[in-house]
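# Commentary on secondary and tertiary structure
One-letter residues, chain by chain:
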Amino acid sequence: MINELLKKRCSVRNFSSRRVPTEIIDYILEAGRLSPSGGNEQPWKFGVIKDKSLIKSISKICYNQKWIESSNFLIVLCATIVDEESGGLFIQHSRCPELKETISTLPKDLYSKINLEEHQTKIPGSNMVLAALEKGIYSTWISYFNVEDLKTLLKLPINCYPSEILAFGYPDGEIKISSKKSLDEIVFYDSYSL
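Residues numbered from 1 in each chain as written. Predicted model: local features only at pLDDT ≥ 70, side-chain atom pairs only at ≥ 80, totals over all residues. Heavy atoms only, no water.

Rules: UniProt positions are given in the numbering used here, feature names are shortened, and annotations may be inferred rather than shown by experiment.
If you look the chain up in an unreviewed UniProt entry, it shows as Nitroreductase family protein from Oceanirhabdus seepicola. Taken verbatim from the UniProt record of the chain, the Sequence similarities (unreviewed entry) comment is "Belongs to the nitroreductase family."

### Some details on a nonpolar patch on the surface
Here is the rule we go by: Residues enter patches when their relative accessible area tops 30% and they take part in no salt bridge; the joining distance is 9 Å for like charges and 5 Å for the nonpolar side chains Val, Leu, Ile, Met, Phe, Trp and Tyr. Accessibility throughout is a Shrake-Rupley quantity obtained with a 1.4 Å probe, and a residue counts as covered only by protein chains that appear here. When a carboxyl oxygen of Asp or Glu is within 4 Å of a side-chain nitrogen of Lys or Arg, the pair counts as a salt bridge. Strands here are runs of E lasting at least two residues and helices are runs of H or I lasting at least four, both read from the DSSP assignment and numbered beginning at the N terminus.
Together, Leu183, Ile186, Val187 and Tyr189 make up a nonpolar patch on the protein surface, roughly 470 Å² of accessible area in all. Of note, Tyr189 is situated in the segment after helix H9 (183-186).

### Considering the nonpolar core
Across soluble globular proteins, nonpolar side chains show a tendency to be buried alongside one another. Stated formally: Nine residue types can take part in a nonpolar core, namely buried Ala, Val, Leu, Ile, Met, Phe, Trp, Tyr and Cys, and a core is a set of them joined through side-chain atoms within 4.5 Å. When a residue's accessible area, from a 1.4 Å probe over protein chains only, is under 20% of the maximum for its type it is buried; when over 50% it is exposed; and in between it is partly exposed. Any two residues having at least one pair of non-hydrogen atoms within 4.5 Å are treated as being in contact.
If you look at the biggest cluster of nonpolar residues, it comprises 24 residues, and the most contacted ones within it are Ile58, Cys62, Ile68, Leu74, Ile142, Leu150 and Ile165. Going through the elements one at a time, helix H3 (52-61), strand S2 (73-80), helix H7 (122-134), strand S3 (138-142) and strand S4 (160-169) are the ones with two or more residues in this core. Apart from the residues lying within four places of it in its own chain, the contact partners of Cys62 are Ile68, Ile142, Tyr144, Phe145 and Ile165. Core analysis: the next-biggest nonpolar cluster, separate from the first, contains 15 residues, Ile24, Ile25, Val129 and Leu166 among them.

### What about unusual backbone geometry?
If you check the backbone angles, Gln42 has positive phi at about 50 degrees while not being a glycine. Turning to its location among the elements, Gln42 is positioned in the loop between helix H2 (22-33) and strand S1 (44-49). Of note in this structure, Asn64 is not a glycine but carries a positive phi near 60 degrees. Tracing the backbone through its elements, the reader meets Asn64 in the loop between H3 and S2.

### Notes on the pairing of S2
Across a regular strand the side chains alternate sides, sitting on one face of the sheet and then on the other. We apply this condition: Two strands qualify as a pair provided DSSP detects at least 2 bridges between them.
Counting buried residues in S2 gives 8 out of 8 residues, a clear majority hidden from the surface. Burial of S2 is two-sided: the residues Phe73, Ile75, Leu77 and Ala79 facing one way and the residues Leu74, Val76, Cys78 and Thr80 facing the other way are all buried. In this structure, S1 lies alongside S2, joined through 6 bridges in antiparallel fashion. Counted as the bridge partner of Phe46 is Leu77 from S2. Sheet topology note: the S2/S4 ladder contains 8 bridges and is antiparallel. Its bridge partner being in S4, Ile75 is matched across the sheet by Leu166.

Dropping the structure here:
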């Protein structure tokens, strides 16, 4: 079932005006809520944006990607920055011990922003994309935006940053599925060799 959905998944940048019912949006959000997270911290907030004027403002913050305006709704995946006692620095020191001193000397604000990926919003985002597709709703990931401007627009608290945006809606027109590399091209067993 999941592989069949994944074969249909593609990025859509032209959405119809057909509204997505609230119960489907709730279904999509539930898929995100049920996602796994390191230490079960669940360090995320999901901002559902349905207001068309707000979507237009967000498209400007996304460096004028006008296609975003056609989406039915957006979900802004936000990461709440966990305190250092919860393992943020410890995890990075463990993963990259050769950079421990460099990592430790980074300003906290800079470290928090470049460490957003460690807060795992791509896991619930991926689950939401699949849940939406199951209901015939397509989506596109948006990573190209000004974090501080979006944080200000959405009035996010100081420890909460937008990390990704998902645009959702019913596709308008033909969808184009991109080809994927074969397993032979991307898989290795036990050790990597050419």
